[in-house]
Amino acid sequence: MTLPRPRVAILGGGPGGYEAALVASQLGAEITVIDEDGLGGACVLTDCVPSKTLIESSSTMTSLGRAASLGLQLADGGNPVLGVDAPALYTRIKALAADQSNDIAEHLAAEGIRIIQARGRLAGGPLGSPHTIDADGELVQADAVLIATGASPRALPDGAADGERILTCRQIYDLPELPEELIVVGSGVTGAEFASAFQALGSQVTLVSSRERVLPHEDKDAAVVIEGVFRRRGMNVLGKSRAESVRRKGDGVVVTLADGREVTGSHCLLTVGMAPCTTGIGLAEAGVHLDARGFIEVDRVSRTSVPGVYAAGDCTGVLMLASVAAMQGRIAMWHALGESVHPIRLSHVASTIFTDPEIASVGVSQATVDRGEVPARVVKLPLATNPRAKMGGFRDGFVKIFARPGTGLVLGGVVVAPRASELILPLSIAIEQNLSVEQIAHTFSIYPSLSGSVTEAARTVMEFGTDAIA
Ligand SMILES: Cc1cc2nc3c(=O)[nH]c(=O)nc-3n(C[C@H](O)[C@H](O)[C@H](O)COP(=O)(O)OP(=O)(O)OC[C@H]3O[C@@H](n4cnc5c(N)ncnc54)[C@H](O)[C@@H]3O)c2cc1C
């Protein structure tokens, strides 16, 4: 006798949803994914993929801008030949995102996963069971349900985005041109990334930060480096400046700060955080608990307060990263379908801020070490002494390693460098596999390479002894 296949219904087709669907498929479940916008979700269509594609272009622009210092000429006679074709740039970004979304849809379809393009909601309460999703009228019944509806950009209380001059990060690729004078409100990760990219592409950027420095939640040394680079490249960084409102004025915008000052520009980009997409989808009626900010409460195996209903990704507010959403989704399926499963370990999550240079970090932070919560020895090696960095003309950045006193186990690290997103991997592996600085120090790195700074930083910890460095 063959047992019936377990049925899984997934609301939301971003990384939290589609990665879960692939795991459930491997485990033999019958899966339906309900998504209203497109597979890959906001991650692929409007957020992560488009912004990183934009940043590939802006980084190339920065590299080309160094041409003269590398002995190259980038001019035709006296005329510079480097410029931005904004419509072509935005078209490429949107085409690449659509293509990636199609690839994911094809992959899911090839696995036999059913995809319904519709807005869905839990048909709980008097309507039915929390294990039924109402997809625009079609009822999808399941044994386990995963909610992965993501989050959407917040606006200022006094300053709604209009998609023309006042923009969220999802509207910028529909502009007909490059913003001439872009005011970026918010200096967290998204604000810093867009400010960095548009300054490099040629916009005059003003970055409005309510805090003393940009990237207030990140490694302080890294934030200081980035703010220095921003200012040196001509960005107007306004610290301790809370934006109260934004309005259109003629062909431009005016941002009013809490102290009454006004900042004018051609466009304003709002990067003031993300709100969970958890309203109007039947969660309260089904008994799914939300926290005070509207995020779905989950445990470390993605269970919500309702048995058989799981949640993953930005709608849980755990850590708003595609990699975390995907892992939460996979864990939910392993758990729901009876596989052995390890609760998510957030202390091992590596993340990158794609400014130029990039900031990548993993493991314990400088702030936790400074607060005395984790005893650690810290070494910070400037990138400027690395031979490969000198060859490329990179002078900003460092490699920092946190090691456990005595054992020398790697506890964390921060890399500020071009492609730091790639350079962080050895430190991530070290943390995941309980490796010591000694083991990293004894590993061959390429000469000359930026990754040579990782092994050198590990050697430096050893040189001074893991007990001796403060
Ligand atoms: C500008 C920007 C850049 C970013 N860059 C990075 C990065 O470089 N690296 C990184 O790791 N993370 C990045 N992130 C974060 C990353 O995009 C999110 O963490 C990720 O998208 C979360 O995935 P998710 O599956 O939770 O939701 P999403 O990707 O938001 O997908 C949710 C899906 O659910 C659908 N949906 C919602 N409600 C319903 C409903 N009721 N019915 C049907 N469908 C519904 C939506 O249409 C959407 O398709 C970035 C975010 C932003 C804003």
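Everything discussed here concerns the structure shown above.
Residues numbered from 1 in each chain as written. Predicted model: local features only at pLDDT ≥ 70, side-chain atom pairs only at ≥ 80, totals over all residues. Heavy atoms only, no water.

**Brief notes about the nonpolar core**
- Residues Leu54, Tyr90, Ile172, Phe194, Phe198, Leu215 and Ile359 are the most contacted members of the largest nonpolar core, which totals 43 residues.
- For this core, the secondary structure elements donating two or more residues are helix 3 (48–65), helix 4 (86–110), strand 12 (181–185), helix 5 (189–201), strand 13 (204–208), helix 6 (220–232), strand 24 (398–403) and strand 25 (410–417).
- Setting aside anything within four residues of it in sequence, one finds Phe194 in contact with Ser51, Leu54, Cys169, Ile172, Tyr173 and Leu269.
- One finds Leu381, Val399, Val415 and Ala417 within the second-largest nonpolar core, a separate group that totals 26 residues. (Core = buried A, V, L, I, M, F, W, Y, C linked by side-chain atoms within 4.5 Å. Buried < 20%, exposed > 50% of the residue type's maximum accessible area, 1.4 Å probe, protein only. Helix = DSSP H or I, 4+ residues; strand = E, 2+ residues; numbered from the N terminus. Contact = heavy atoms within 4.5 Å.)

**What about the packing of aromatic side chains?**
- A full pass over the atoms with the stated rule returns 1 aromatic pair.
- With a centroid separation of 6.4 Å and 20 degrees between ring planes, the pair formed by Phe194 and Phe198 is classed as stacked. Of this pair, Phe194 and Phe198 are both found in helix 5, 4 residues apart, which corresponds to roughly one turn of the helix.
- In this structure Phe194 comes out as buried when scored by relative accessible area, which is 4%. (Phe/Tyr/Trp six-rings, centres within 6.5 Å; stacked < 30°, edge-to-face > 60°.)

**Focus on the site of the ligand**
- Contacts to the ligand come from 37 residues, most closely from Asp35, Asp37, Gly120, Asp314 and Ala322.
- At 2.9 Å from an oxygen atom of the ligand is found a main-chain nitrogen or oxygen belonging to Gly16.
- Lys52 has a polar side-chain atom sitting 2.9 Å from an oxygen atom of the ligand.
- The protein chains hide 92% of the 1000 Å² of surface that the ligand would expose on its own.
- Residue classes in the shell around the ligand are distributed as 17 nonpolar, 13 polar and 7 charged. (Near = heavy atom within 4 Å. Polar contact = N/O pair within 3.5 Å; in protein donor to acceptor, adjacent residues only side chain to side chain. Areas by Shrake-Rupley, 256 points an atom, 1.4 Å probe, with all protein chains shown as cover. Nonpolar A, V, L, I, M, F, W, Y, C, P; charged D, E, K, R; others polar.)

**A few points about the pairing of strand 13**
- Counting buried positions over the 5 residues of strand 13 gives 4, a clear majority of the element.
- Bridge analysis of strand 12 against strand 13 gives 5 bridges, and the strand direction is parallel. When the bridges of strand 13 are listed, Ile183 appears paired with Thr206.
- For the crossover from strand 12 across helix 5 to strand 13, the handedness is right-handed.
- Bridge count between strand 13 and strand 14 (residues 236–238): 3 bridges; the pairing is parallel. Pairing of Leu207 across the sheet is with Val237, part of strand 14.
- Handedness of the crossover is the feature at issue here: the chain leaves strand 13, passes through helix 6, returns alongside strand 14, and the resulting connection is right-handed. (Pairing = 2+ DSSP bridges. Right-handed = clockwise from strand over helix to strand, strands pointing away.)

**Side note on the side chain of Gln199**
- Inspection of the secondary structure assignment puts Gln199 in helix 5.
- Among all residues touching Gln199, those that are not within four sequence positions of it are Gln204, Val205, Arg233, Gly234 and Met235.

**Digging into helix 12 (residues 425–432)**
- Looking at helix 12, one finds that the buried residues are Leu427, Ser428, Ala430 and Ile431. The buried side chains of helix 12 occupy one side of the element, clustering within an arc of 160 degrees when seen end-on.
- Just beyond helix 12, the residue with positive phi is Asn434, at close to 55 degrees. (Arc of directions from axis to C-beta.)

**Concerning the packing of helix 1 (residues 15–26) against helix 8 (residues 322–336)**
- For the pair helix 1 and helix 8, the least separation of the axes is 7 Å and the interaxial angle reads 35 degrees. Here helix 1 runs over helix 8; the crossing is right-handed. Taken together, the residues of helix 8 that come into contact with helix 1 (itself represented by Pro15, Gly16, Glu19, Ala20, Val23 and Ala24) are Ala322, Ala325, Ala326, Gly329, Arg330, Met333 and Trp334. (Axes fitted to C-alpha atoms, helices over the stretch in contact; angles between N-to-C directions. Left-handed = near helix turned anticlockwise from the far one by under 90°.)

**With respect to the environment of Leu215**
- When you line up the elements, Leu215 lands in the loop between strand 13 and helix 6.
- With 69 residues separating them in the primary sequence, Leu215 and Leu146 have C-alpha atoms 33 Å apart.
- Residues within four places of Leu215 in sequence aside, it is in contact with Ser187, Gly188, Val189, Ala192, Ala223, Ile226, Ile353 and Ile359.

**Looking at the sheet that holds strand 9 (residues 144–147)**
- Taking strand neighbours across the sheet as the criterion, the 5 strands line up as 5-2-1-9-20 in an open arrangement whose pairing is parallel. The sheet is open, and its two edges are formed by strand 5 (114–117) and strand 20 (309–311), each paired on a single side. Pairs of neighbouring strands in the sheet enclose a mean axial angle of 20 degrees, with direction left out of account.
- Relative to strand 2 (residues 30–35), strand 1 (residues 7–11) runs parallel, the two being bridged by 5 bridges. What sits directly across from Leu11, in strand 2, is Ile34.

**Side note on the packing of helix 3 against helix 4**
- One way to put it is that helix 3 packs onto helix 4 with a least axis distance of 9 Å and a crossing angle of 140 degrees. Our classification of the angle between helix 3 and helix 4 gives oblique. As for the relative orientation of helix 3 and helix 4, their crossing is right-handed in sense. In this structure, helix 3 uses Val49, Pro50, Thr53, Leu54 and Ser57 to contact helix 4, whose residues at the interface are Leu89, Arg92, Ile93, Leu96 and Ala97.
- Across the contact of helix 3 with helix 4, the residue classes tally to 7 nonpolar, 2 polar and 1 charged. (Parallel < 35°, antiparallel > 145°, perpendicular 65-115°, else oblique.)

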